[in-house]
Amino acid sequence: MSRVYNFSAGPSCLPEDVLKECAAEMLEYGTTGQSVMEMSHRSKAYEPIIQDAEAMVRKLMNVPDNYKVLFVQGGGSTQFAMVAENLGIKTGKAAYIETGVWAKKAAAEAKKLGVEVDIIASSKDKNYSYIPRVEKVTGDYDYVYICMNNTIMGTHYEYIPDTGNIPLVADISSCVLSEPLDVTKFGILFAGAQKNLAPAGVTLVIVREDLIPEPEACRAGTPTMLAYKTHADNDSMYNTPPCYTIYVLGKVLHWIEKNGGAEGMLKRNKEKADYLYNYLDNNEGNFYHATTEVGSRSLMNVPFLTKYSTGATDEASVAKEKEINDKFVKEAAAAGLVNLKGHRLVGGMRASIYNAMTLDGVKALVEFMKKFAEENK
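About the criteria used
Residues numbered from 1 in each chain as written. Predicted model: local features only at pLDDT ≥ 70, side-chain atom pairs only at ≥ 80, totals over all residues. Heavy atoms only, no water. Helix = DSSP H or I, 4+ residues; strand = E, 2+ residues; numbered from the N terminus. Buried < 20%, exposed > 50% of the residue type's maximum accessible area, 1.4 Å probe, protein only. Contact = heavy atoms within 4.5 Å. Phe/Tyr/Trp six-rings, centres within 6.5 Å; stacked < 30°, edge-to-face > 60°. Pairing = 2+ DSSP bridges. 1 Å grid on protein atoms, 1.4 Å probe; cavity = no way out; pocket = protein on both sides within 12 Å on 5 of 7 lines; lining within 4 Å. Points joined across faces, edges and corners; volume = space filled by probe spheres on them. Nonpolar A, V, L, I, M, F, W, Y, C, P; charged D, E, K, R; others polar. Axes fitted to C-alpha atoms, helices over the stretch in contact; angles between N-to-C directions. Parallel < 35°, antiparallel > 145°, perpendicular 65-115°, else oblique. Left-handed = near helix turned anticlockwise from the far one by under 90°.

A. The side chain of Ser-236, seen in detail. Summarising the element assignment, Ser-236 is placed in the loop between α5 (228-232) and α6 (243-258). Classification of Ser-236 as buried rests on a relative accessible area of 4%. Non-local contacts of Ser-236, meaning those with residues more than four positions away in its chain, are made with Ile-50, Val-69, Leu-70, Phe-71, His-231 and Pro-241.

Structure, rendered in structure tokens:
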């Protein structure tokens, strides 16, 4: 068997140690005589699995006791609605900082549900290639919303906006546990698991208890499953949770702990990202360049273009750019470097180098890039 280096934006690669543990326990978990895939979520066998996952989240992220840790379904996109329906209930107004596709979609969902949305800052003017600086947010807002790491655009907040007493909500789907984060600065944090935590299927939500309204206090018409209290009062088991995904999540959290926790992940991720960005910024002949501005660069998602990505719209230029990009992606895959095609809104290529990606994988990518540039200059 020959494993590839998987640079997918999600679902992404998982630590090999975790995959091997899961494989060893596939037919029987412990002495239960059954796979975790077969267990009742209300059984004595499963109870310690979900409890351990929550305990590890609390330990690795230093989650205070006055915050609930929830495991829900629906991905980050469902949180766009849950945030609005649970928090947008006092003044009915919310502030959003627009830094790309996901923040834009979150704002649109809130509007759809009747929340008055103010876009207080945006980086749309430069195709979301940077994070706008918003030092202080004031106003009668129910909450302020940011997307901490923008998977498509490859940008990341290097600061946390000061929102005073206004709850700050952050989508941390593509950067969760990639670095230390002060949970107390946020009212709600949420993360789809399929990038840094587990296979697709579960969403981690960390919510301050005083922000959890009674179901009848949510926005009118909020479904039972979209009220945070439904999940908080039932230890994430109001309905059947994604049991196996939570089990894998627990394994990944123990792997993170074994590798130095959030601090260890930051060191690991900076080494990988610095190696790749240094090449992009200094490659011979400027064959490649990163699309994001220094000061806003993600450690997780690195979009890049070739010298053929000139922005010209004439037929010949567009055809040449597509030809070179397609060739890069095809030849990279043949070399064992897969899922490098860039998003259509940015173009070119994108390397997602989440926690589980190794430095060896990034070095292999850079070596391929050097070879490709020489052959296509």
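B. Structural view of the packing of aromatic side chains. In the structure shown here, the tally under the stated rule is 16 aromatic pairs. Between Tyr-96 and Tyr-145, the aromatic rings sit 4.7 Å apart at their centres with planes inclined by 20 degrees, giving stacked as the arrangement. One end of the pair, Tyr-96, is in strand β3 (residues 93-98); the other, Tyr-145, is in strand β5 (residues 143-147), with 49 residues separating them in the sequence. Taken as a pair, Tyr-96 and Tyr-145 share a single burial class, namely buried. Taken together, a centroid distance of 5.9 Å and an interplanar angle of 80 degrees make the contact between Tyr-288 and Phe-304 edge-to-face. Placement of Tyr-288 in strand β11 (residues 288-290) and of Phe-304 in strand β12 (residues 301-306) is noted, with a sequence separation of 16 residues between them. We note that Tyr-288, like Phe-304, is buried. Ring pairs connect the aromatic residues Tyr-279, Phe-287, Tyr-288, Phe-304, Tyr-308, Phe-328, Phe-368 and Phe-372, which therefore count as one cluster.

C. Focus on the pairing of strand β14 (residues 349-352). Along β14, one buried face is formed by Met-349 and Ala-351 and the opposite face, lined by Arg-350 and Ser-352, is buried too. Bridge count between β12 and β14: four bridges; the pairing is antiparallel. Residue pairing in the sheet places Asn-301 in a bridge with Ser-352 of β14.

D. Examining the layout of surface pockets more closely. The space that makes up the largest pocket amounts to roughly 430 Å³. Around the largest pocket, the lining is made up of 26 residues, and of these Ala-9, Trp-102, Thr-151, Gln-194 and Lys-195 lie nearest the centre. The biggest single contributor to the lining of the largest pocket is helix α3 (residues 75-87), with four residues. Around the second largest pocket, the lining is made up of 20 residues, and of these Glu-321, Lys-322, Asn-325, Gly-347 and Gly-348 lie nearest the centre. When residues of the lining of the second largest pocket are assigned to their parent elements, the largest contribution, six residues, is made by helix α8 (residues 315-334). For the lining of the second largest pocket, a count of residues per class yields six nonpolar, nine polar and five charged.

E. The packing of α8 against helix α9 (residues 359-376), seen in detail. Direction vectors running N to C along α8 and α9 enclose 135 degrees, while the axes themselves pass 11 Å from each other. Between α8 and α9, the interaxial angle falls into the category oblique. The way α8 lies across α9 gives a crossing that is right-handed. Contacts between α8 and α9 involve Ile-324, Lys-327, Phe-328, Glu-331 and Ala-332 on the former and, on the latter, Phe-368, Met-369, Phe-372, Glu-375 and Asn-376. For the contact of α8 with α9, the per-class residue count stands at six nonpolar, one polar and three charged.

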